[in-house]
Structures are given as structure tokens and as C-alpha cells.
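Topology and contacts: notes
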Amino acid sequence: MKKGNLTVGIFALLLLLFPLVVRSSYYQHLLIIIFIWVIIGSSWNLLAGYAGQVSFGHAIFFGVGAYTAGILVTKLGVSAWWGMLLGGFIAMAVALFVGWVCFRLRGPYFALATLAGGEIFRLIAINWESLTEGMVGILIIPTFKSKLPYYYLSFGLAAACILAIHLIMRSKWGYYFVSIREDQDAAESMGINTNRYKNIALLVSAFFTGLAGAFYMNYMGFIDPDVVFSLHYISIMAILVGIVGGVATIMGPAVGAVVMVGLQETFRSSFFGLAPQWVSEGHAIVFGLLVIFVIMFMANGIVGDWNKISRLFWRRKAVRT
Amino acid sequence: MAVFIQTMVAGVLIGGVYSLIGIGMTLIMGVMGIINLAHGQLMMVSMYITYVLYHYLHLDPYVSLFIAMPALFFLGCLLQKYFLNPLIKVDSVLPENQVLMTVGIGIVLTEIARFIFTSDYKAVKTPYSSAAFFIGSISFSVPMCIAFLIALLFTAILFWFLLKTDLGRAIRATAQDKEAATLMGIDSEKITIITFGIGSALVASAGCLLMPIFYLFPDIGGPFTLKAFVITILGGLGSTVGAIVGGVVLGIAESLGATYIGMGYKEMVGFVIFVLVLVFLPGGLKRLTKI
């Protein structure tokens, strides 16, 4: 345990020093995006990995958070930073409604209900033009030119999110969540109010995702319904980050975020300009293939199946010598 | 009044095709207990097959039914055999592995289509694409009517197949109780493969039937997957009759929404119905009829 703490500490220190050493704003930007995905992936993992309620609709909370921040600027004329305070709570309010409807269903049906929910929100955002500006989207001027404030803020949020989930999972709540995942009926018969604890998991998850959304608005300065409510680029990506890194592990989504964002960026830039241009169109297909590969051969993700992976490499080394 | 009747007619006609999509989904769900999130994408594949056959060989979309359906049957069988069935043996935390797998398959199919055909809109322009005949002041689109009739025919054949043939009975038995069916000597793994094939073939036929009317692009699959899901929830999980009724109801609701609320909300009507069904009628229309 102590050794683990030391590793995390050193790692956090390195990340804190990173932008002071690497001045390139491109790499700082990449890490900020990774931090955003760490938040979304971890909160998805809390609901899906620990409580067993696989959500295909995390774009709902991300989008609501982002639009809260955006609408504060366009309609009320206050700074989008207020969205960082409000975004999480508005996302929680939305989550209450989503939970009320979707927790009537179990397993795959719940998953699909959240997926439909995400599409409903996307269509509302497109069509309710008087509030959301529709497909035009919302454009604001970012407060800071330098990436540093955003870097430290997103790093802080990501760290807080992981720490919160770590603490929750060590508390009574955590055990309730896992028992619901393992067998909902058994949990119910043990006297756990499953509906309440599923809702708690959803609320916490929605809060952090909404926060990430509000931060995204502040950082990127532009949102439109097809970006923040996107099924493929938010909801499915959240799932990918979770399962590639490892469901039901604390650090899994963080690893997943690094892998997924790294992969996305590598392909988008055609292996940093080394490969021909058409490779950049292939990043989505690589995602799909990665899902298939991970589910078939590493069902518990990189962190969850770490022993299996390291054994594989160790064996290969052994054969060589 | 004429507008209302016209809306209803359009809704029922498209509803017939929706039923076809919904039945495929409900069959797969009944037998394997999973939702096939690549359903619409399979339809997209069949639409591209139809498009290619029309573009290069000038085959009528209705003729390509006989090519697209077997092709998708085999594709479905392969997917089930090599991608979905092996997952039962994989040990994992999440029980929804198979559903996630269908998501992956859906992404890969869409992106392969984008790679080959680019994101451009394609269309098959047949002489009858915009033909219509009139009864009174109500217009009936010819391709929609043909689609509706063929959809009815396929549904009838499927019912005959499920009720009267040995294979059909085996499928129903597996859907009711997989373990009991296995004990009765049914190779349930083979049944799941065949069922996925049949479901894919049904949605392939829907793709061919819609081809003269719709534009085609790689992302067309997603919305249809959602539609299929709404239909199955609406009709009651795993109920074939429910899927037929659900398809028609969704068709009517969408077309009413498009006429009276606005085109932009057409897609949303389905989801709103879906939420209402979940809240007020969990179990779907099946609950009302007790069939």
C-alpha cells in the first residue's frame, strides 16, 4: 500500500512539473484533454464498473454541464466560470430525472434507455434554438490565453474526482454499489435500498461529468449539440476509456484516457505526419477494432488484466533467454 | 381532415417497414437476451449492397432482396459465431460484454462503409421512386406501398416458420428457456447463430425496401438501431406480435409528430413515447393484451 502511495505521489509531482518543463502548448493541450477524459471515464466507471449500471448516455451530463456554462454567458451575461459551480449541480438535477425513468430497467435495457436519453437531449439542444442557439452552437472567449491555468485546474479536478471515487469505494457506499452489481436481488434481500444507492452512484457520476462539461466549455470556448451530446464521441468514448483501462479499478479510467486520447491523436495526425494522409480517417475504425479486441482478449482492461499482460511479456522474455 | 388521413397513411406504410426491423431485433433479444446495437448498421450494409448492385449491375432494389438477404444472413451468422458466442466463456466484471461488442461491430461496419464509399450521400433513383397513386385526395407512394406489402409477406412467412417448422420451434424453445431447451437436445449455440442470421436477414430486407425512398450514408445505421430498440420496448420485450404493433405505432407517431409539431422533432417523438412507455406501461403493449 505504501509503495502504491509513493508511486502515485511521484506521478502527481511529475504531472505538476510537466507544463513548466514542456512549454509546447500542443502537449499541454493533449494532457488537458486527457484530464477531462479521466474525469468522465472515472465517473462512468463509478456507475458502470462499481455499481454495475452500464450507461450509454454520459453525454447527457457532459452536455448539460457544458450548456449550463454556455447559457450563463449567452443568456445571463455572467462569466462562464460560474458554470463550474452550477454545472455539476444542474447535471445532478437532470440525473435525478434520468434515474427516475431509467432505473426501472435492468442490465442491457438500462443501457439502451440511457442511450435513448442521450439522443433525446441532443435533439432538444438542436431544436430548442431560443435557449441553446441550436446547431449554431455557443461561442465564448476563453479567459486565459496561456494553457497553464487550465492545465492545473483540470489536473486538480481529475485528481479530486479520482480521490473522491477512491474514498467512496472504501466507504459503506462502495460495498453497497458492488453488491448491487454482483446481484441486485440478493442486495435487496439483505436490506440495501438498491434504488437509492443506484441513484447515489448516478448522482455522483453525473456531478463530476457535468463539471467536466462546464470545464470543457470554459477551455474550448465553443460547443454545439453534435459535439457535447455526441453518442460516439462522448458516451461511447466514456465507455471505451472505462473498459480499455479496466472497469471497477480506481486507476483504470486514467490509464484508459491516456491510451484512448493518445490513440485518437496519433491517428488524427496520421502518426504525426509520418503516414499518408488517409490514415487520419481511420481513427474511428481503430476504436471499433480496439473495442472488439479488448472485450475478447482483455475483458477487464489494461489495469484489471495487468497480471495477464505482464505474464505474457515475461514469458516471451523467458523464451528468448 | 385530409391532412390527418394522409399523415396516418404515411405512418402506417413506413410502420410496416419499421416492424420488419423491430422483429429482427426482438428475435435476437428473445433468444440471446441481448440487445443488438449493430442492428441499424447491418441494415446500412444491406443498403450499400443494394446500392452497389444497382449502380454497377442495374439490378432493381427489389431483386437485390434475394442477394442482400442471404448475404446478411451469413454475415449475421459469422458475427454471432466468431464474435458474440465466444464472449460467454470470457470472464469479466461487466455482464453487458455482448452488448458492448455489438457497439464495436457497429462502429467497425460504419467506418468500413465510410472508407469504401466516403460520407457522401448516395441514392438509388428508380423510375417509381417518386411515383404515387391517389384514392380520393389521399396519395399513396408506390415504393412505400410495395415496401409495406413485402414487409407483410415476410412477417407472415416468419410466423409460419416460427410456428410450424422444427427449427422455428427450437428457436422459440430456446427463447423461453435456454437450459431446458439444451436438455431437450437442442443445440442452443447453433440456434443463436441461426437466429442472429435471421434477424440480420430481416433487417437487410428492410434496407432493400427503404433504398428507393431514402438517401444512404454511412451513419444511417445509428438512428435505425434506436428505432428498433424503441419498437421492441414499445411492443414488449421479446414479443414478435408486439414488435409488429410497435413498428406501426412508431411509424404513425413519427409521421403525426412531423406533421403537427415540426420536422425537427420527428425523431424525438419516438423517444418521448419510449420514455412514456417506460414510466406508465413497463412491459410494453404485451402487458395490455396478455398474449
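As a reminder, the structure under discussion sits directly above these lines.
Okay, so let's go over this structure. This one's a predicted model, so the numbers in the text were calculated from it and none came from an experiment.

Turning next to the overall build of chain B. Along chain B, the regular secondary structure elements total twelve helices and two strands. Going from the N terminus to the C terminus, chain B shows its helices and strands as α-α-α-α-β-β-α-α-α-α-α-α-α-α. What you see for chain B is a C-alpha radius of gyration of 19 Å, in line with the 19 Å of a compact globule of 291 residues. Taken along the three principal axes of its C-alpha coordinates, chain B extends 60 × 45 × 40 Å. Counting every position in chain B, which comprises 291 residues, the buried fraction comes to 57%. Here the contacts in chain B between residues at least 6 apart in sequence split such that 77% fall between residues at least 24 apart.

Our focus in this paragraph is the nonpolar core. Counting residues in hydrophobic clusters, the biggest one holds 207 residues, and the most contacted among them are A:W37, A:W44, A:F56, A:F61, A:F177, A:I243 and B:F274. At 16 residues, the largest contribution of residues to this core is made by helix 2 (residues 25–50) of chain A. In this view, A:F177 contacts A:L46, A:Y50, A:A51, A:I168, A:M169, A:Y197, A:I200 and A:A201; residues no more than four positions away in its chain are not counted.

Further remarks concern the interface of chain A and chain B. In this assembly, 43 residues from chain A lie in contact with 39 residues from chain B. Here chain A and chain B share an interface that buries about 3700 Å² over both sides, 84% of which is from carbon and sulfur atoms. Scanning the region where chain A abuts chain B turns up zero salt bridges. Linking chain A to chain B there are zero residue pairs in polar contact (both at pLDDT 80 or more). Those elements that place two or more of their residues in the side of chain A that touches chain B are helix 2, helix 4 (82–102), helix 5 (107–127), helix 12 (231–245) and helix 15 (283–297) of chain A. When residues in the side of chain A that touches chain B are grouped by element, the largest group, twelve residues, is from helix 5 of chain A.

Looking now at the side chain of A:T209. All names here are of chain A. Considering the arrangement of structural elements, one finds T209 in helix 10 (residues 194–220). Judged by its relative accessible area of 0%, T209 is buried. Within the local environment of T209, its side chain forms a polar contact with the backbone oxygen of S205, the two atoms lying 2.7 Å apart.

Residue and element names in this part refer to chain A. Relative to each other, helix 3 (residues 58–76) and helix 5 sit at 25°, their axes nearing to 9 Å. Taken together, the axis directions place helix 3 and helix 5 in an arrangement best described as roughly parallel. Of the residues in helix 5, those in contact with I60, V64 and Y67 of helix 3 are T114, G117, G118, F121 and A125. The residue makeup of the contact of helix 3 with helix 5, split by class, is five nonpolar, three polar and no charged.

To continue, consider the environment of A:V178. Residue and element names in this part refer to chain A. In this fold, V178 is placed in helix 8 (residues 172–182). A relative accessible area of 25% places V178 in the partly exposed class. If we skip the residues at most four places from it in the chain, V178 touches Y50 and M169.

All right, on to empty space enclosed by the protein then. For the structure on display, the rule yields five cavities of 30 Å³ or more. Considered as a void within the structure, the largest cavity measures approximately 150 Å³ in volume. Lining of the largest cavity is provided by 14 residues; of these, A:L231, A:H232, A:I236, B:L37 and B:Q41 occupy positions nearest its centre. Contributions of two or more residues to the lining of the largest cavity are made by helix 12 of chain A together with helix 4 (97–117) and helix 9 (221–235) of chain B. By volume, the second largest cavity is sized at about 50 Å³. Looking at the second largest cavity, the residues that line it are B:K227, B:V230, B:L250, B:E254, B:E267, B:G270 and B:F271. The set of elements that each furnish at least two residues to the lining of the second largest cavity consists of helix 9, helix 10 (240–260) and helix 11 (266–280) of chain B.

Given two aromatic rings, their pairing is described by the distance between the two centres and the angle made by the two planes. For the coordinates displayed, the defined rule picks out 29 aromatic pairs over all chains. Taking the centre distance of 5.9 Å and the plane angle of 80° together, the rings of B:F73 and B:F74 count as edge-to-face. For B:F74, a relative accessible area of 56% gives the class exposed. Among the aromatic residues, ring-to-ring pairing joins A:F18, A:F35, A:Y151, A:Y152 and A:F155 into one connected group. Geometry around A:W100 places A:R104 over its ring, the cationic atom sitting 4.9 Å from the centre. The lysine or arginine in question, B:K227, covers the ring of B:F224, its NZ or CZ lying 4.7 Å from the ring centre.

On to helix 3 of chain A, then. All names here are of chain A. In this model, helix 3 (19 residues) spans 26 Å end to end at C-alpha, consistent with the 27 Å of a helix rising 1.5 Å per residue. Remark: the principal bend of helix 3, roughly 25°, maps to G70. In terms of burial, helix 3 is largely enclosed, as 15 of its 19 residues are buried. Positive phi appears at G77, one or two residues downstream of helix 3, with a value of about 75°.

In this section: the pattern of salt bridges. Opposite charge on two side chains permits pairing when their charged atoms draw close. Per the stated rule, a full pass over the model turns up eight salt bridges over all chains. Linking A:E119 and A:R122 is a salt bridge whose minimum nitrogen-to-oxygen distance equals 3.0 Å. Placement of the pair is A:E119 and A:R122 together in helix 5, with a separation of three residues, close to one helical turn. Across the pair, A:R122 and A:E119 agree in class, each one buried. With its nearest N and O atoms 3.4 Å apart, the salt bridge here joins B:D166 to B:R169. Here B:D166 pairs with B:R169, and both are found in helix 6 (residues 166–176), just three residues apart, close to one helical turn. A relative accessible area of 63% places B:D166 in the exposed class. Overlapping salt bridges bring together A:E119, A:R122 and A:D226 as one network.

Residue and element names in this part refer to chain A. Approximately 1100 Å³ is the volume found for the second largest pocket. V8, F11, I162, M251 and A254 are the residues nearest the centre of the second largest pocket, which is lined by 26 residues in total. Where the lining of the second largest pocket is concerned, the elements lending two or more residues are helix 1 (2–21), helix 2, helix 7 (148–170) and helix 13 (252–268). When residues of the lining of the second largest pocket are assigned to their parent elements, the largest contribution, nine residues, is made by helix 1.

About the criteria used
- Residues numbered from 1 in each chain as written.
- Chains lettered and ligands numbered in written order.
- Predicted model: local features only at pLDDT ≥ 70, side-chain atom pairs only at ≥ 80, totals over all residues.
- Heavy atoms only, no water.
- Helix = DSSP H or I, 4+ residues; strand = E, 2+ residues; numbered from the N terminus.
- Rg over C-alpha atoms; globule rule 2.2 N^0.38 Å.
- Buried < 20%, exposed > 50% of the residue type's maximum accessible area, 1.4 Å probe, protein only.
- Contact = heavy atoms within 4.5 Å.
- Core = buried A, V, L, I, M, F, W, Y, C linked by side-chain atoms within 4.5 Å.
- Buried area = accessible area lost by both parts, 1.4 Å probe.
- Salt bridge = Lys/Arg side-chain N within 4 Å of Asp/Glu carboxyl O.
- Polar contact = N/O pair within 3.5 Å; in protein donor to acceptor, adjacent residues only side chain to side chain.
- Axes fitted to C-alpha atoms, helices over the stretch in contact; angles between N-to-C directions.
- Parallel < 35°, antiparallel > 145°, perpendicular 65-115°, else oblique.
- Nonpolar A, V, L, I, M, F, W, Y, C, P; charged D, E, K, R; others polar.
- 1 Å grid on protein atoms, 1.4 Å probe; cavity = no way out; pocket = protein on both sides within 12 Å on 5 of 7 lines; lining within 4 Å.
- Points joined across faces, edges and corners; volume = space filled by probe spheres on them.
- Phe/Tyr/Trp six-rings, centres within 6.5 Å; stacked < 30°, edge-to-face > 60°.
- Lys NZ or Arg CZ within 6 Å of the ring centre and 35° of its normal.
- Expected span 1.5 Å × (residues − 1).
- Bend = angle between axes of the 7 residues up to and from the residue.

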